[in-house]
Amino acid sequence: MKEFEVYSSLRVPKNSKIIMRLDGRSFHSLARDLNLVKPYDENFYNVICEVCRDLFEEFSPIFVYTFSDEISLLFDKVPFDGRIEKLDSVIASFTASSFVMHYDTQFKKPPSFDSRIIPISDGDILSYFRWRQDECWRNCVNSHGISYLKSKYSNTEANDIIKGMNLSDINELLFENGINLNDVEIYKKRGIGIYRKNKKIVGFNKKENKNQTSYRSYIYKDWELPIFSEKFFKKLR
Ligand SMILES: Nc1nc2c(ncn2[C@@H]2O[C@H](COP(=O)(O)OP(=O)(O)O)[C@@H](O)[C@H]2O)c(=O)[nH]1
Ligand SMILES: [Mg+2]
């Protein structure tokens, strides 16, 4: 019967880095069910950040990036020997379980995530993450805009008004009404990154009777990311 398992040999291209992107399924209804604070629910962000840490520990990507309900993982060593079915199913289900484990609440429905695999060349990694970071910024402007408009108009009116506005219109409207997005926390504008950093450790070497410096890496959750650049991705490893 094994021959019926026709997708089981599908693999990502050999020697290619990959990005996996997970996205919460129907999280607009989950946000409603859980009464998430609008536009940003700090507890939700803390939970997603813990999920990213779990993913980092379990699957050893070199970088994890998150905002809203999406998570991107950059792998240089691809787990499961690159098997597509394994990657998509195990990583998406692990993400959902971790999300439930870290959330201190009763869910109305079991949360789930979709996942996709994107083979990527070194030259395109920066463009990919810039694209997601731009989306994070758009999301930040839009969600502040819609929250402001809903405080002044009905939901339908607010949705209609925002449809006719571009990002700078929304930014201006917010500014005129005392909301300066410059003052908003950095993670709301640029997302959150998880990667390894080195910690300097100075210990005393008894044999040689002198201090010795070594470095140990640890998983760092960066809530104050820079705008992504070549330099940022060179540092990862
Ligand atoms: N209230 C609230 N909702 C959030 C927050 N983060 C994400 N969401 C919700 O998650 C959705 C994510 O967008 P998208 O993936 O396009 O929608 P989905 O298809 O319903 O998952 C947003 O539209 C919000 O409804 C948050 O911090 N607060
Ligand atoms: Mg979603």
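Described in the following lines is the structure provided in the data block. Everything numeric in this text was worked out from a predicted model, so none of it was measured.

### Digging into the site of ligand 1
Right, so step 1: Neighbouring ligand 1 are 14 residues, the closest being Phe 27, His 28, Ala 31, Leu 36 and Asp 41.
Right, so step 2: Elements that contribute at least two residues to the shell around ligand 1 include exactly β1 (17-24) and α1 (27-33).
Right, so step 3: The leading source of residues in the shell around ligand 1 is α1, at three residues.
Right, so step 4: Along the lines of polarity and charge, the residues of the shell around ligand 1 split into six nonpolar, four polar and four charged.

### Details of the nonpolar core
Right, so step 1: In this structure, Ile 18, Met 20, Cys 52, Leu 55, Val 64, Leu 73 and Leu 74 are the most contacted members of the largest nonpolar core, which totals 28 residues.
Right, so step 2: Broken down by secondary-structure element, the contributors of at least two residues to this core are β1, α2 (42-59), β2 (63-67), β3 (70-75), α3 (84-102), α4 (122-152) and β5 (192-205).
Right, so step 3: Sort the elements by how many residues they give to this core and α2 lands first, with six residues.
Right, so step 4: Ignoring sequence-local partners within four residues, the contact set of Leu 73 consists of Ile 19, Met 20, Leu 55, Pro 61 and Val 64.
Right, so step 5: Of all hydrophobic cores here, the second largest spans eight residues; its members include Phe 67, Cys 136, Cys 140 and Ile 192.

What counts, and at which threshold
- Residues numbered from 1 in each chain as written.
- Chains lettered and ligands numbered in written order.
- Predicted model: local features only at pLDDT ≥ 70, side-chain atom pairs only at ≥ 80, totals over all residues.
- Near = placed C-beta within 6 Å.
- Helix = DSSP H or I, 4+ residues; strand = E, 2+ residues; numbered from the N terminus.
- Nonpolar A, V, L, I, M, F, W, Y, C, P; charged D, E, K, R; others polar.
- Core = buried A, V, L, I, M, F, W, Y, C linked by C-beta atoms within 7 Å.
- Buried ≥ 20, exposed ≤ 12 C-beta atoms within 10 Å, placed from the backbone.
- Contact = placed C-beta atoms within 7 Å.

It is worth stressing that arrangement in space is one thing and function is another; only the former is reported here.
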